[in-house]
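# Descriptive analysis of the structure
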2 protein chains.
Amino acid sequence: MSKQALEYLQSNRDALLAKLNDFLSIPSVSTDSVHKQDVEKAAQFVSDYLTDIGFEKVEVQKTKGHPLVYGEWLGAGDNAPTVLLYGHYDVQPADPLELWDSEPFQPEIRDGRLYARGSSDDKGQVFMHLAVFEAYMKTEGKLPINVKVCIEGEEEIGSENLYEILQAKQEQFAADFAVISDSGMVAKGQPTVLYGLKGFTGLEFTVKGPSSDLHSGIYGGAVKNPLMALAHILTSMKNEDEVVQVAGFYDGIDELSDDERKLIAEVPGEDFVQSTGIPEVTPEKGYTAKEHTMARPTLEVNGMFGGYQGEGTKTIIPSYATAKLTSRLVPGQEPEKVQQLLVEHIKKHTPKGVTVDIKKEPLSAKAYKVDPNHPLVEKAAQSLTKAFGKETVYVRMGGSIPVVEWIDAIYKMPIVLLGFGTPEDRLHSPNESFPIENFDKGMETLVYYWQNVQQG
Amino acid sequence: MSKQALEYLQSNRDALLAKLNDFLSIPSVSTDSVHKQDVEKAAQFVSDYLTDIGFEKVEVQKTKGHPLVYGEWLGAGDNAPTVLLYGHYDVQPADPLELWDSEPFQPEIRDGRLYARGSSDDKGQVFMHLAVFEAYMKTEGKLPINVKVCIEGEEEIGSENLYEILQAKQEQFAADFAVISDSGMVAKGQPTVLYGLKGFTGLEFTVKGPSSDLHSGIYGGAVKNPLMALAHILTSMKNEDEVVQVAGFYDGIDELSDDERKLIAEVPGEDFVQSTGIPEVTPEKGYTAKEHTMARPTLEVNGMFGGYQGEGTKTIIPSYATAKLTSRLVPGQEPEKVQQLLVEHIKKHTPKGVTVDIKKEPLSAKAYKVDPNHPLVEKAAQSLTKAFGKETVYVRMGGSIPVVEWIDAIYKMPIVLLGFGTPEDRLHSPNESFPIENFDKGMETLVYYWQNVQQG
């Protein structure tokens, strides 16, 4: 059955690329109100496509912000599994425009890559799903399984309304599992299943000293320096072995199993020294850099400021100093609990002579992890291996995708993260692109995958 | 003899205030090239005044920047002492203008204070000296001692050319001692002799990590965070008892004597908690806040920055982090040596995974201290006590006045710091002012002082 769909994709390749071209040409930049109509146009594109293929109950659902496109095809019957497919049709802004080698919304193929804003994140990957559904419907008149499609227009602005929608539409969106193609492979040509994401929590704290900046000659020796106090607090939070010193931070975390260490070791890793220009990696003592980035929690200072920042010298004791912290979490850690532990640690370690103001970051996410041996994950790996001709690797990622946690929390269903991007795609940056080869092999993977899932 | 001079000052008070008004009306802002001609006009004012009084060899000496005014009166003869009087006729900019209650260059007397830019720093205090010389010359036809006057126009821009001039003019400027009135009393009505100033040295260092900002989810755990590394370095430099941990930092410093602790204890101290809004003072362990600010070296972070500083969260590991440090020095510490100790400490405490770039601040100054029992200092104290009707206190100050160190280093003569400002003068700020009472009592002090010095 999958053979015909594959043939369809091959023989209609030019038409599909032309159609993708139309999709990518719509500047659906969700953060910029100038593009409000473009965002709606992109939603309409998805909606029209679904209707054309033969999906039912297709609608552009209004939200408080940009619309969400829903459509379903449930013709596989009650005995076939139902998948909820999530993706997004909105994109990041293209600025700075002058750094693009071709127009961001005039797709161009160069050296085997399709250059356009959204080619990888996420319009290109959404389109691949739609094209595969088209291939099945045009050749078989049906899909191997039941499908519910949910493509939002606010992912690049924090999915502001999605959580509420997911809660409200539990009946409509109900499914046996979810698939999300909004991530990447560890290297081009290296099929990858992502089976875990980190959560996160964060806060900002400001150490307050004198009510205004003071002359360091006159007040130095009487007044605690807020910058130095800030440094002391930060230093108390993590030792030089990169072990977090916040009491309770690691509570509830499972130690890495030998199996998982082996899985991680098998992933062809990025050479961090080469790709980032650092002198050497500095993972938590007892772990490799790959283990720490993928599977251990982190605590990072993302920004810090206070006092004089201009050229030369200004001999002041500044009035205040601020640091922004985020922590990436692994399964077993509760975001709110970790945030509270950080708050308590900061308060406890604030030296005398200053006070501290703490602002909790309202957004947070729990870590997500699916059993890498789950049949739906194994089938994804088998499909990838077959399409790409190479053994699939299993990775966890240090990043966070809030929608994953939300689907997990509300729907309690397994989520298969099947991403076809590559590390060279330059997401959110000028010259975003996507390898044409992954367009072909990605669609091939999806054809195999739905088939595999159907066969149970 | 001083009686006549005092009477002259009293009976000509209005004329003198009117003349001071003319001087303060010249916007001699040295940092702003728009005011170049005003700066020259102020120099000419000083020069004309000296000529009118009867000074000789009066000249507006050109420099690479703004001119220096020189004049001398050596009629007291070879047996009388010669003083070198230093001051400056340039002022800070008046911005922000909207915060002034009256025009900065249209002097106005309100509530016993003369409001104008430069009223305290330093045109007002320079003028007092000139008026006292006038009083002596008009009544006696001579001064009690020989006087060389050196009034520069670049103090507010770091006395850029003064060091070179002081070196070049050693013969012309030679004297037995120097007097500088460019400082203040510890409180209005509390006559004060300043017998010590701190020196300073400084540097800026940048902790460098990855070649660009990185995604904290993907790289957290592999890459050392430069902000955290910076915090570790700073924390290693000073403990929570405010004791500097840099090896050799305190070498060569004399422990505070009981006599000096007593002198310091007698000074009516600023209530640091009240004036700065801090919860409590935090001096070096074993010292009071007054002792530390006046007589112990300090190490302060003046500014610090790196990473994201906007609103909310940006989950990056920043590429670099920078801190600016200055240290205030006491006698026994060599600025260049301390600077080098700081450099070595930073290098030694830079954690692995990052590198560090250090920029030494080129300006530095040694501490200055004169024996508080020196007869020229005692005479100053006696004169102050007589004029203000209150026992004079002796203080050391945490600030630095580079010219003091330069005169000390090049001329090796005692320097008497006889300042009449008050803590409420708002130097460098909007609404700078000077108490009219100190104008009168300050001139009275100077009349007594020259007399006292003459009597040997």
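Not measured: the values here are computed from a predicted model.

### Some thoughts on the overall build of chain A
Along the backbone of chain A there are 15 helices and 18 strands. A compact globule built from 456 residues would reach a C-alpha radius of gyration of about 23 Å, and chain A, at 24 Å, matches this within 12%. For chain A, the C-alpha atoms occupy an extent of roughly 85 × 50 × 45 Å along the three principal directions. Relative to its 456 residues, chain A shows a buried fraction of 60%. Taking all contacts inside chain A whose residues are at least 6 apart in sequence as the whole, residues at least 24 apart take part in 79%. Surface exposure of chain A reaches about 17,600 Å², of which carbon and sulfur atoms provide 46%. Looking at chain A, you have 44 positive and 67 negative side-chain charges, and the mean spots of the two groups are 4 Å apart.

### Topic: the domain arrangement of chain A
Residues and elements named next belong to chain A. Annotation of chain A at the domain level lists domain 1 (2-197 + 367-454) and domain 2 (199-261 + 284-360). Between the C-alpha centres of domain 1 and domain 2 the distance comes to 37 Å. Tallying the contact residues gives ten residues for domain 1 and eleven residues for domain 2. Both faces combined, the contact of domain 1 with domain 2 buries some 900 Å², and carbon together with sulfur accounts for 48% of it. Its largest share of buried area at the contact with domain 2, domain 1 owes to Ala-367, Arg-396 and Ser-400, together 61% of the area lost on that side. Taken together, domain 1 and domain 2 are joined by two salt bridges. Between Glu-260 and Arg-396 there is a salt bridge; the shortest N-O distance is 2.9 Å. In this structure, the connection of domain 1 to domain 2 is made through four residue pairs in polar contact (both at pLDDT 80 or more).

### Let's talk about the interface of chain A and chain B
At the junction of the two partners, chain A supplies 74 residues and chain B supplies 73 residues. In this assembly, chain A packs against chain B so that about 6,000 Å² is buried in total across both faces, 56% of it on carbon and sulfur atoms. Across the pair Lys-224 of chain B and Glu-242 of chain A runs a salt bridge, and its minimum N-O distance is 2.7 Å. In terms of residue count, strand S11 (residues 298-307) of chain A provides more of the side of chain A that touches chain B than any other element does, nine residues in total. Each residue belonging to the side of chain A that touches chain B can be placed in one class, and the counts come to 26 nonpolar, 32 polar and 16 charged. Examined bridge by bridge, S11 of chain A and strand S11 (residues 298-307) of chain B share five bridges and lie antiparallel to one another. Counterpart to Met-304 of chain A in the pairing with S11 of chain B is Gly-306 of chain B.

### Here we look at the sheet that holds strand S5 (residues 113-115) of chain A
Residues and elements named next belong to chain A. Strand order in the open sheet made by the three strands is S4-S5-S18, with antiparallel pairing throughout. At either end of the open sheet lies a strand with only one pairing partner, and these are strand S4 (108-110) and strand S18 (433-435). Taking the axes of each pair of neighbouring strands and ignoring which way they run, one obtains an average angle of 30° across the sheet. Of the pairings in the sheet, the one linking S4 to S5 comprises three bridges and is antiparallel in character.

### Concerning the packing of helix H3 (residues 36-53) of chain B against helix H4 (residues 123-140) of chain B
Residues and elements named next belong to chain B. Running from amino to carboxyl end, H3 crosses H4 at an angle of 15°, the nearest separation of the two axes being 9 Å. Here H4 runs roughly parallel to H3, going by the angle between their axes. In the packing of H3 onto H4, the handedness of the crossing is left-handed. From H3, Phe-45, Val-46, Tyr-49, Leu-50 and Ile-53 reach across to H4, where they touch Phe-127, Leu-130, Ala-131, Phe-133, Glu-134 and Met-137. Class assignment for the residues of the contact of H3 with H4 results in ten nonpolar, no polar and one charged.

### What about the environment of Glu-108 of chain B?
Residue and element names in this part refer to chain B. Among the secondary structure elements, Glu-108 is positioned in strand S4 (residues 108-110). Taking C-alpha positions, Glu-108 is 36 Å from Gly-199, a pair spaced 91 residues apart along the chain. Apart from residues lying up to four places away in sequence, Glu-108 is in contact with Ser-102, Arg-113, Leu-114 and Tyr-115. Only 3.1 Å separates the side chain of Glu-108 from the side chain of Arg-110, close enough to count as a polar contact.

### What to know about the packing of helix H8 (residues 226-237) of chain B against helix H12 (residues 335-348) of chain B
Any two packed helices are characterised by the angle at which their axes cross and by the distance between the axes. Residue and element names in this part refer to chain B. Contact geometry for H8 and H12: axes closest at 10 Å, N-to-C directions at 130°. Compared by their axis directions, H8 and H12 come out oblique. The crossing of H8 and H12 is right-handed. Together, Ile-233, Ser-236 and Met-237 of H8 and Leu-342, His-345 and Ile-346 of H12 make up the contact between the two elements.

### Some thoughts on the relation of the copies chain A and chain B
When chain A is fitted onto chain B, the two copies agree to an RMSD of 0.0 Å after a turn of 180° and an axial shift of 0.0 Å. The two molecules are tied by a two-fold rotation axis, judged by turn and shift. Most of the interface of chain A is mirrored in chain B, where 99% of its interface residues again form contacts.

### Quick notes on the pairing of strand S13 (residues 320-329) of chain A
All names here are of chain A. Burial analysis of S13 places nine of its ten residues in the buried class, the great majority of the element. Pairing analysis gives ten bridges linking strand S9 (residues 199-208) to S13, with the strands arranged antiparallel. Each residue of the ladder has a partner; that of Gly-199, found in S13, is Leu-329. Across seven bridges, S11 lies against S13 in antiparallel orientation. Each residue of the ladder has a partner; that of Val-301, found in S13, is Leu-325.

### As for helix H13 (residues 375-388) of chain A
Residues and elements named next belong to chain A. Over its 14 residues, H13 extends 20 Å from the first C-alpha to the last, a length consistent with the 20 Å expected when each residue adds 1.5 Å. Those residues of H13 lying buried are Leu-376, Val-377, Lys-379, Ala-380, Ala-381, Ser-383, Leu-384, Ala-387 and Phe-388. Looking at the buried residues of H13, the elements they touch are strand S7 (177-180), strand S8 (192-197), strand S16 (393-397), strand S17 (415-417) and helix H15 (436-454).

### Quick notes on the side chain of Lys-224 of chain A
With respect to the helices and strands, Lys-224 of chain A occurs in the loop between helix H7 (216-219) and helix H8 (226-237). Each residue touching Lys-224 of chain A, except ones within four places of it in the same chain, is listed here: Pro-210, Ala-229, Ile-317, Pro-351, Lys-352, Gly-353 and Val-354 of chain A together with Glu-240, Glu-242 and Thr-282 of chain B.

### Description of the sheet that holds strand S13 (residues 320-329) of chain B
Sheets are built from strands paired through backbone hydrogen bonds, the pairs being either parallel or antiparallel. Read from one edge to the other, the open sheet built from eight strands follows the order S14(A)-S9(A)-S13(A)-S11(A)-S11(B)-S13(B)-S9(B)-S14(B), with strand pairing classed as antiparallel. Each of the sheet's edge strands pairs with one partner strand only, and the pair in question is strand S14 (355-360) of chain A together with strand S14 (355-360) of chain B. Direction aside, the axes of adjacent strands within the sheet are offset by 25° on average. As judged from the six bridges shared by strand S9 (residues 199-208) of chain B and S14 of chain B, these two strands associate in the antiparallel manner. Bridge pairing links Val-207 of chain B to Val-356 of chain B in S14 of chain B. Against the sheet, H8 of chain A touches S9, S11 and S13 of chain A together with S11 of chain B, its axis set at about 15° to S13 of chain A.

### Quick notes on the pattern of salt bridges
Tallied over the entire structure, the rule returns 48 salt bridges over all chains. One network of salt bridges, with partners in common, ties together Arg-113, Glu-424 and Asp-425 of chain A.

### Structural notes on the nonpolar core
Counting residues in hydrophobic clusters, the biggest one holds 101 residues, and the most contacted among them are Phe-133, Phe-177, Tyr-449 and Trp-450 of chain B. Once you skip the residues sitting within four places of it in the chain, Phe-177 of chain B turns out to touch Pro-81, Thr-82, Val-83, Leu-84, Ile-145, Leu-376, Met-413, Pro-414, Val-416, Tyr-449, Trp-450 and Val-453 of chain B. Counting 100 residues, the second largest nonpolar core, distinct from the first, contains Ala-131, Val-147, Leu-166 and Tyr-368 of chain A.

### Let's talk about the environment of Thr-315 of chain B
Tracing the backbone through its elements, the reader meets Thr-315 of chain B in the loop between S11 and strand S12 (316-317). Residue classification places Thr-315 of chain B among the partly exposed positions, given a relative accessible area of 25%. Sequence separation between Thr-315 of chain B and Met-228 of chain B is 87 residues; the distance between their C-alpha atoms is 15 Å. With sequence-adjacent residues up to four places away left out, Thr-315 of chain B is seen in contact with Asn-302, Thr-326 and Arg-328 of chain A together with Leu-214, His-215 and Ser-216 of chain B. Among the polar contacts made by the side chain of Thr-315 of chain B, one reaches the side chain of Arg-328 of chain A at a distance of 3.3 Å.

Calculation criteria
- Residues numbered from 1 in each chain as written.
- Chains lettered and ligands numbered in written order.
- Predicted model: local features only at pLDDT ≥ 70, side-chain atom pairs only at ≥ 80, totals over all residues.
- Heavy atoms only, no water.
- Helix = DSSP H or I, 4+ residues; strand = E, 2+ residues; numbered from the N terminus.
- Rg over C-alpha atoms; globule rule 2.2 N^0.38 Å.
- Buried < 20%, exposed > 50% of the residue type's maximum accessible area, 1.4 Å probe, protein only.
- Contact = heavy atoms within 4.5 Å.
- Areas by Shrake-Rupley, 256 points an atom, 1.4 Å probe, with all protein chains shown as cover.
- Lys, Arg positive; Asp, Glu negative; His and termini not counted.
- Charge placed at Lys NZ, Arg CZ, Asp CG, Glu CD.
- Domains from an automatic or database assignment.
- Buried area = accessible area lost by both parts, 1.4 Å probe.
- Salt bridge = Lys/Arg side-chain N within 4 Å of Asp/Glu carboxyl O.
- Polar contact = N/O pair within 3.5 Å; in protein donor to acceptor, adjacent residues only side chain to side chain.
- Nonpolar A, V, L, I, M, F, W, Y, C, P; charged D, E, K, R; others polar.
- Pairing = 2+ DSSP bridges.
- Axes fitted to C-alpha atoms, helices over the stretch in contact; angles between N-to-C directions.
- Parallel < 35°, antiparallel > 145°, perpendicular 65-115°, else oblique.
- Left-handed = near helix turned anticlockwise from the far one by under 90°.
- Least-squares fit on C-alpha atoms with pLDDT ≥ 70 in both.
- Expected span 1.5 Å × (residues − 1).
- Core = buried A, V, L, I, M, F, W, Y, C linked by side-chain atoms within 4.5 Å.

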